[in-house]
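Take a look at the letters that make up each chain.
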Amino acid sequence: MDVQTDEFRAYVEARGPALLRTACRLTGNPMDAEDLLQSALAKTYLAWDRIQDRAALDGYVRRAMVNINISWWRRRKLEEYPAEELPEPPAAPHAGHEHAYELLEQALDRLPERMRAAVVLRYYEDMTEPEIAKTLGISVGTVKSTVSRAMAKLRGELVVPAQRRA
């Protein structure tokens, strides 16, 4: 094994779980998240000798995951077709605090790709708005409005069902 491979292996062992959590939030599916992370790490390995700032590796991998996920999303065929009538929403089960995390995960999964990515990077990865803007390739203003709209959607989905249960 050469030094490059050893450094890369150490990086993946140390940061792999955190990066996989980010990939799960981006894709909304654990299986797709594994594929996404593997693809991003393959690109990172190929560029390993060109990455001078090792402190920026997480940003490089996250950016690769976002780009790959967007590419996959654009290539995906339309699997759902519009219907004449909307189906009835499923009844929200009586959820205590133990189910709050699950409800949040489901609400995150229903967000559009860009909104989900912005919320994940902001609140799960604790990135600043300029960092998110750079990672997603959008302006800081777009980050602010996207996160604001996403949070409003999440509040609407999570607060209204809780009020119905009360």
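Here, every reference points to the structure presented above.
Here goes a summary of the coordinates provided.

## Focus on helix α3 (residues 57-75)
Taking 1.5 Å per residue, 19 residues should reach 27 Å; α3 reaches 27 Å between its end C-alpha atoms and fits that length. Three or more residues of α3 are buried, namely Leu57, Asp58, Val61, Arg62, Ala64, Met65, Val66, Ile68 and Asn69. Packed against the buried residues of α3 are α1 (3-27), α2 (30-46), α5 (113-124) and α6 (129-136).

## Overview of the nonpolar core
Counting 29 residues, the largest nonpolar core has Tyr11, Leu37, Val61, Met65 and Leu136 as its most contacted members. Counting only elements with at least two residues in this core, the list comes to α1, α2, α3, α5, α6 and α7 (140-165). In this structure Leu37 touches Gly16, Leu19, Leu20, Ala23, Val61 and Met65, once residues within four positions along its chain are discounted. In terms of nonpolar packing, the next biggest core, distinct from the first, is built from seven residues, Leu108, Leu111, Met115 and Val119 among them.

## Here we look at a nonpolar patch on the surface
On the surface, a nonpolar cluster with roughly 340 Å² of combined accessible area is contributed by Tyr101, Tyr123 and Tyr124. Residue position: Tyr101 is located in helix α4 (residues 97-110).

## Quick word on the pattern of salt bridges
In the structure shown here, the tally under the stated rule is six salt bridges. Linking Glu105 and Arg25 is a salt bridge whose minimum nitrogen-to-oxygen distance equals 3.5 Å. Within this pair, whereas Glu105 is found in helix α4, its partner Arg25 is found in helix α1, the two being separated by 80 residues in sequence. Among the salt bridges present, the one from Glu113 reaches Arg116, with a minimum N-O distance of 3.8 Å. Placement of the pair is Glu113 and Arg116 together in helix α5, with a separation of three residues, close to one helical turn. Of the two residues, Glu113 and Arg116, neither departs from the other in class, the shared state being buried.

## Some thoughts on the packing of aromatic side chains
As enumerated under the stated definition, the model contains three aromatic pairs in all. Measuring from centroid to centroid gives 5.0 Å for Phe8 and Tyr45, while their planes differ by 65°, and the two rings are edge-to-face. One end of the pair, Phe8, is in helix α1; the other, Tyr45, is in helix α2, and 37 residues separate them in sequence. By relative accessible area, which is 12% here, Phe8 ends up buried.

## Observations concerning the side chain of Thr27
Mapping Thr27 onto the fold places it in helix α1. Side-chain polar atoms of Thr27 contact the backbone nitrogen of Ala33, separated by 3.5 Å. Non-local contacts of Thr27, meaning those with residues more than four positions away in its chain, are made with Asp32, Ala33, Leu36, Asn69 and Arg116.

## So, unusual backbone geometry
The phi dihedral of Asp126 falls on the positive side, at around 55°, and the residue is not glycine. On the secondary structure map, Asp126 appears in the loop between α5 and α6. Using a relative accessible area of 62% as the deciding quantity, one classes Asp126 as exposed.

## Description of the packing of α1 against α5
Packed helix pairs are specified by the crossing angle of their axes together with the interaxial distance, meaning the distance between the axes. With their axes 8 Å apart at the nearest point, α1 and α5 run at an angle of 150° to one another. Here α5 runs roughly antiparallel to α1, going by the angle between their axes. The crossing of α1 and α5 is right-handed. Contact with α1, carried on its side by Thr22, Arg25, Leu26 and Thr27, involves Glu113, Arg116, Ala117, Val120 and Tyr124 of α5 and no other residues of that element.

What counts, and where the lines are drawn
- Residues numbered from 1 in each chain as written.
- Predicted model: local features only at pLDDT ≥ 70, side-chain atom pairs only at ≥ 80, totals over all residues.
- Heavy atoms only, no water.
- Helix = DSSP H or I, 4+ residues; strand = E, 2+ residues; numbered from the N terminus.
- Expected span 1.5 Å × (residues − 1).
- Buried < 20%, exposed > 50% of the residue type's maximum accessible area, 1.4 Å probe, protein only.
- Contact = heavy atoms within 4.5 Å.
- Core = buried A, V, L, I, M, F, W, Y, C linked by side-chain atoms within 4.5 Å.
- Patch = residues over 30% accessible without salt bridge, like charges linked within 9 Å, V, L, I, M, F, W, Y side chains within 5 Å.
- Areas by Shrake-Rupley, 256 points an atom, 1.4 Å probe, with all protein chains shown as cover.
- Salt bridge = Lys/Arg side-chain N within 4 Å of Asp/Glu carboxyl O.
- Phe/Tyr/Trp six-rings, centres within 6.5 Å; stacked < 30°, edge-to-face > 60°.
- Polar contact = N/O pair within 3.5 Å; in protein donor to acceptor, adjacent residues only side chain to side chain.
- Axes fitted to C-alpha atoms, helices over the stretch in contact; angles between N-to-C directions.
- Parallel < 35°, antiparallel > 145°, perpendicular 65-115°, else oblique.
- Left-handed = near helix turned anticlockwise from the far one by under 90°.

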